[in-house]
Amino acid sequence: MNPVRVAFAVFRKDVRSEWRTREIVPALAQFIVLALLIGNFGFVIDRTNAANIAPGILWLALVFAGLVAFGRTFAAEREQASLDAMLMTPASPVAIFAGKALAATALLIVCEAVLLPALAIFFGTPLSADVVFAVLLATIGMAALGVMFAAIVARVRARELMLPLLTLPLWIPFVIAGGTAVQSAMGLPGNYQEAIGLLIDFDILFVVLTSLAARFVLDE
Amino acid sequence: MSLVVGNGITHWFGRELALEGVDLVIDTGEHMAVLGDNGAGKTTLLRILSTMLRPTSGRLQIAGLDAVKERRRLRHYLGYVAHATGLYPALTAAENLEFFCDLQEVARTRVEEALDVVGLVPMAKRRAGELSRGMQQRLAIARAILHEPRLLILDEPDTSLGDDAADLLTRVMRDKTVVMATHDHALANRLCQRTLILRHGRSHGTASRLHVVK
Amino acid sequence: MNRYEKWAAGAVALMLVAGAAIFFYAPTDYLQGPVQRIFYLHVSSAIAAYGCFAVVLLGGLIYLRNENAVADRFARAGALVGVIFTTITLVMGMLWAKPIWGTFWTWDARLTSTLVLWIIYVGYLLVRRLAEPGRQAARLAAVVGIFGFIDVPIVHFSVTWWRTQHPGPVIVNDALPAAMLGTFLFTMACTLVLAGVMVWIRYRIETLQDEKLHLAEPVQVVTAREPEPVP
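Just so we're clear, the structure is a prediction, and the values are computed from it rather than from any experiment. (Residues numbered from 1 in each chain as written. Chains lettered and ligands numbered in written order. Predicted model: local features only at pLDDT ≥ 70, side-chain atom pairs only at ≥ 80, totals over all residues.)

Enquirer: Is there a simple way to explain the overall build of chain A in this structure?
Expert: Scanning chain A for helices and strands turns up eight helices and zero strands. In chain A, the succession of helices and strands from N to C terminus is α-α-α-α-α-α-α-α. For chain A, the spread of C-alpha atoms along the three principal axes comes to 60 × 35 × 30 Å. Put simply, chain A has 220 residues, and 51% of those count as buried. Taking all contacts inside chain A whose residues are at least 6 apart in sequence as the whole, residues at least 24 apart take part in 81%. (Helix = DSSP H or I, 4+ residues; strand = E, 2+ residues; numbered from the N terminus. Buried ≥ 20, exposed ≤ 12 C-beta atoms within 10 Å, placed from the backbone. Contact = placed C-beta atoms within 7 Å.)

What follows is the structure, encoded as structure tokens:
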């Protein structure tokens, strides 16, 4: 049994399905643009305060887009009863989990490719490599946690409600550290190096923990 | 040689007793039908046999392996066609099977062979979502036999298969040990040597050929 | 009166004694006035809540390791009682903060992490309620409980690294007069007894419910009955 091969097969299957149907990405991109629009009206943004508010709106949009994206990854398997078929095989649940997490990460990165330029255009914030790097680092840990809780709520009732309820508290550390990193990268106070270091620590911690938990969440 | 030996298999769903003390023995190469009304426990029994559901109590051994403790190893030997087909609608018929070849660790040449058994070779490049319900059922059967399982578990496989259901299933079941749940007494008589009758979750014994109709 | 009722009555009586100590024995704080008396129960119930969630963590870990139904029932009981004590902590903290800080709420590390704690374990209870009872609910909830327990110190640390204004621990660096310290320790002991009794009673309720749902210890049939002969 080669777990890397299994993970890659699951990843390719998900990406290929999304590429053919284009069910999630266009809707999410639209969602992100709308979030920026609402942010603009909600905060009465002008040239002077845009730089202060932009990082917050970035994380709000990213967190809620992420919830939708991760919710879909397992909801689709559940509706088609294909999760059972996949788990019936001798493939390791951890490898299946890794494949789903990679596919969800790819999905969120595509959304970020819309979000970051849109933020730069609408709010006039700098789109630097530092900002992109911080957001990508946060994406890794958020995806690991998001997919794990998506797998959990796929097995409970009222799952649309339960996913944010369980996931958001665990994402807070990423929003705090990522928020500080993005703020400082956009010229506001904050220690960029320290925030990036924390993000890396959180990524390692939660990727390891979710891999350990995957067996209990997916099996049966 | 008995491939499946189950003793006192019992399952509770909350306060509902779905199966009560079912004993069953299936010999290698035997085809066994499971007959019963809706809610008699057919699907529960099949899900327990497929290791996807743990019995509340009782023992089940398949191919000498414990169905609870050694289920991961056991899954190499099991093929299961559930009620829902669980196919990926955006992938083609062949891609659906190729994906499961990767998970089962069998060569992709098996795709062509499995499609041939269920008569879907001309549809290999069509997306699963575009196939008719009957063809989707065939594809699900092809997926279950990719790895040449020792025990094939079929939950009402004749649904939506149409007129040639019996011929197709005969081809699929040849040289395999099979448990098949069905409503259709005639089909059970034709395809299976033995029938297990379930009523309200209890086994009412087995018969070699079924002549009583309820 | 059965033994559960006796223990419950005893725990309530202890809390009343603690209340008397708080209001009549402990001196009034020079700076904060009578509001300071909230401190005794506020800190005690926070400690009781942490204890309950430690039970959830341990129960979850044991359950994931060997599917021990007893461990799972203790985890369930601990989560419910822990949420109750966290609620008490939060409400009393807010009542104290209004006159002292001039606001019910501030986003400081201890407040934020306690709120997160509360949200996570309410989520835990909801998972228990919304998943199929038995193994599935137990496993999924165990994972939620374990992640929740790990998350709280991380949130606390993340916010500390940001900013904080919650008063630091006052007990350890003997800033507290003896009468206050005595009252606090006594209240804490009584609160822990109360929490323990509550968990114990809840454990009993969970056991009875499991028996109704046929989830109590699955009876493994080991009699190797002779399989019926094949006709």
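What follows continues from the structure just given.
Enquirer: Can you help me understand helix 8 (residues 192–218) of chain A in this one?
Expert: For an α-helix, the turn length of 3.6 residues means that residues three or four places apart are oriented alike. With 27 residues, helix 8 of chain A ought to run about 39 Å at 1.5 Å a step, and its terminal C-alpha atoms sit 37 Å apart, in line with that. Of all the bends in helix 8 of chain A, the largest measures some 35° and sits at A:L212. Among the residues of helix 8 of chain A, those classed as buried are A:A195, A:I196, A:L198, A:L199, A:F202, A:F206, A:T210, A:A213, A:A214, A:V217 and A:L218. Among the structural elements, helix 4 (82–87), helix 5 (93–123), helix 6 (129–153) and helix 7 (159–185) of chain A together with helix 5 (135–160) of chain C are those in contact with the buried residues of helix 8 of chain A. (Expected span 1.5 Å × (residues − 1). Bend = angle between axes of the 7 residues up to and from the residue.)

Enquirer: Help me out: how do you make sense of unusual backbone geometry in this one?
Expert: Glycine aside, the phi torsion of most residues is negative, and most peptide linkages are trans. Residues and elements named next belong to chain B. The phi torsion at E105 lies on the positive side, around 60°, for a residue other than glycine. Looking at the element boundaries, E105 is found in the loop between helix 3 (93–104) and helix 4 (109–117). Using a count of 15 C-beta atoms within 10 Å as the deciding quantity, one classes E105 as partly exposed. Positioned with a positive phi, D175 is a non-glycine residue whose angle comes to about 60°. Relative to the helices and strands, D175 resides in the loop between helix 6 (165–173) and strand 8 (177–182). Of the residues examined, D175 has 6 C-beta atoms within 10 Å and is grouped as exposed.

Enquirer: Can you walk me through the environment of B:S160 in this structure?
Expert: Residues and elements named next belong to chain B. Inspection of the secondary structure assignment puts S160 in the loop between strand 7 (151–155) and helix 6. C-alpha separation for the pair S160 and R138, spaced 22 residues apart in sequence, amounts to 9.6 Å. Sequence-distant contacts of S160, defined by excluding residues within four places in its chain, comprise R133, G134 and Q137.

Enquirer: Please clarify how the pairing of strand 6 (residues 78–81) of chain B should be interpreted in this entry.
Expert: Look at any regular strand and the pattern is simple: side chains alternate between the two faces of the sheet. All names here are of chain B. Covered by surrounding structure in strand 6 are L78 and Y80 together with G79 and V81, the residues of both alternating faces. Here strand 6 pairs with strand 7 via four bridges, running parallel. Residue pairing in the sheet places Y80 in a bridge with I153 of strand 7. (Pairing = 2+ DSSP bridges.)

Enquirer: What exactly am I supposed to notice about the interface of chain A and chain B here?
Expert: By a frequent convention, interface size equals the accessible area lost on bringing the separate parts together. With 20 residues of chain A in contact, the opposing surface of chain B contributes 20 residues. Put simply, the parts of the chain that give the side of chain A that touches chain B at least two residues each are helix 1 (3–21) and helix 4 of chain A. Of the residues contributing to the side of chain A that touches chain B, the split by class is nine nonpolar, five polar and six charged. (Nonpolar A, V, L, I, M, F, W, Y, C, P; charged D, E, K, R; others polar.)

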